[in-house]
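As a plain string of letters, each chain reads:
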Amino acid sequence: MPNIPVINIGDILELKKPHPCGSKTFTVSRVGSDIKLTCTGCGRALMLDRIKVEKMIKKIIHAEKNDE
Ligand SMILES: [Zn+2]
């Protein structure tokens, strides 16, 4: 069974490949068939295919839930 990562809005993804600015962490701002990420280093937004993102993830830092 493939291990499909759970990605939620507000999570921070650490990717295997860094952004050109040098940052490897990105905040998730939209989740669908595409995932919108905002670079935590330079603040630029990028849209990537979900499948591509899943392959690039090194680590997911889940956002803290306030409603628990
Ligand atoms: Zn950047």
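Residues numbered from 1 in each chain as written. Predicted model: local features only at pLDDT ≥ 70, side-chain atom pairs only at ≥ 80, totals over all residues.

J.: Mind showing me how you'd approach the nonpolar core here?
T.: For soluble globular proteins, nonpolar side chains are generally found buried alongside one another. Counting residues in each nonpolar core, the largest one holds six residues, listed as Leu13, Phe26, Ile35, Leu37, Cys39 and Val53. Of all the elements, strand S3 (residues 34-39) adds the most residues to this core, at three residues. Excluding residues that lie within four positions of it along the chain, Leu37 makes contacts with Leu13, Phe26, Thr27, Val28, Ser29, Leu46 and Leu48. (Core = buried A, V, L, I, M, F, W, Y, C linked by C-beta atoms within 7 Å. Buried ≥ 20, exposed ≤ 12 C-beta atoms within 10 Å, placed from the backbone. Helix = DSSP H or I, 4+ residues; strand = E, 2+ residues; numbered from the N terminus. Contact = placed C-beta atoms within 7 Å.)

J.: Quick question: what am I supposed to make of the confidence of the model for the chain here?
T.: Atomic detail in the predicted coordinates should be set aside for any region of low pLDDT. Confidence in the prediction for the chain averages 92 pLDDT; 93% of positions are at 70 or higher. The secondary structure element of the chain with the lowest average pLDDT is helix H1 (residues 50-56), at 95, and the one with the highest is S3, at 98. (pLDDT = per-residue confidence, 0-100.)

J.: So what exactly am I meant to see when it comes to the pairing of strand S1 (residues 12-15) here?
T.: Every regular strand shows the same layout, with side chains that alternate between the two sheet faces. By the bridge criterion, three bridges tie S1 to strand S2 (residues 25-31) in an arrangement that is antiparallel. Within S2, the residue paired with Glu14 across the bridge is Thr25. Where S1 and strand S5 (residues 57-61) come together, four bridges link them in antiparallel fashion. Within S5, the residue paired with Leu15 across the bridge is Ile57. (Pairing = 2+ DSSP bridges.)

J.: For this particular structure, what's the right way to read the environment of Gly43?
T.: Tracing the sequence through the fold places Gly43 in the loop between S3 and strand S4 (45-49). Among the residues examined, Gly43 registers 10 C-beta atoms within 10 Å and is labelled exposed. Sequence separation between Gly43 and Lys58 is 15 residues, and the spatial gap between their C-alpha atoms is 20 Å.

J.: Help me understand the sheet that holds S4, please; the structure alone is not making it clear to me.
T.: Within a sheet, neighbouring strands are paired by backbone hydrogen bonds and run either parallel or antiparallel to one another. Ordered in space as S4-S3-S2-S1-S5, the five strands form an open sheet in which the pairing is antiparallel. Here the strands that pair on one side only, and so sit at the sheet edges, are S4 and S5. Pairwise comparison of adjacent strand axes, ignoring direction, gives a mean angle of 35° for this sheet. (Axes fitted to C-alpha atoms, helices over the stretch in contact; angles between N-to-C directions.)

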